[in-house]
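# Structural description and commentary
Below are the chains, spelled out letter by letter.
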Amino acid sequence: MKYYAAIDTNVLVSALLRWESLPGIVTAESLAGRILPLLNTEILAEYRNVLSRPKFHFPKDAVDVLLNGIIKRGIFIDAEPIEEELPDPKDVIFYQVVMNVRKTENSYLVTGNIRHFPVKSFVVTPREMIEIVNSNEI
């Protein structure tokens, strides 16, 4: 089974900091194709901007490999305006993309900052996303 998910940037940061973590597992599932990343140019620009920050010391090659893998597996979605107000304007794009896909498909927003989004069953932590993926294994 495949799962559509917008992956918040903080999940990718955590994955690159510690690949054996839950965010690392979510990211690995995205690269393997069980989780299909929901993307657009604004999300990709944020990924690249944040992952390239000097404070993280991520090698450029590692960032490029990760983003190229996500792009290869990802589905590009147009963002449509939403009515909800979110605490962080940079998070709006992730919510918009998920809400657009949810019109026709089940999809999730995976974040380490749950409090930045409305309380909805489809806004999940990396742990919850892995539980969803694993609960539907045959």
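The preceding data block contains the structure.
So, a few notes on the structure that sits alongside this text. Everything numeric here is computed off the predicted structure, so don't read it as measured data. (Residues numbered from 1 in each chain as written. Predicted model: local features only at pLDDT ≥ 70, side-chain atom pairs only at ≥ 80, totals over all residues. Heavy atoms only, no water.)

## Re the overall build of the chain
The condition that has to hold: For the purposes of this entry, the term helix denotes a DSSP run of H or I that reaches at least four residues, the term strand denotes a run of E that reaches at least two, and both are numbered from the N terminus. Using C-alpha atoms as the atom set, the radius of gyration is obtained and then compared with a globule rule of 2.2 Å times the number of residues to the power 0.38.
In terms of regular secondary structure, the chain is built from six helices and five strands. Counting helices and strands in the order they occur from the N terminus, the chain gives β-α-α-β-α-α-β-α-β-β-α. A globule of 138 residues ought to have a C-alpha radius of gyration of about 14 Å, and the chain, at 14 Å, matches this closely. Dimensions along the principal axes, computed over C-alpha positions, put the chain at roughly 40 × 35 × 25 Å.

## Here we look at the pairing of strand β4 (residues 107–110)
Our working definition: Categorising residues by exposure relies on relative accessible area from a 1.4 Å probe, with only protein chains included: less than 20% of the type maximum marks a residue as buried, more than 50% marks it as exposed, and the intermediate range marks it as partly exposed. In this analysis, strands are considered paired if DSSP registers two or more bridges between them.
Alternating residues of β4 divide into S107 and L109 and Y108 and V110, and every residue in both groups is buried. Two elements, strand β1 (residues 3–7) and β4, share four bridges in a ladder whose sense is parallel. Looking across to β4, one finds that A6 is bridged to L109.

## Comments concerning the nonpolar core
Nonpolar side chains in soluble globular proteins generally cluster together in the buried interior. Rules: Joining through side-chain atoms within 4.5 Å is the link that ties buried Ala, Val, Leu, Ile, Met, Phe, Trp, Tyr and Cys residues into a set, and such a set is a nonpolar core. Contacts are assigned to residue pairs that have any heavy atoms within 4.5 Å of one another.
With 41 residues, the main nonpolar core has V26, Y47, L51, Y108 and M129 as its most contacted residues. Top contributing element to this core by residue count: helix α5 (residues 92–101), with six residues. Sequence-distant contacts of V26, defined by excluding residues within four places in its chain, comprise I7, V11, I35, V110, P126, M129 and I130.

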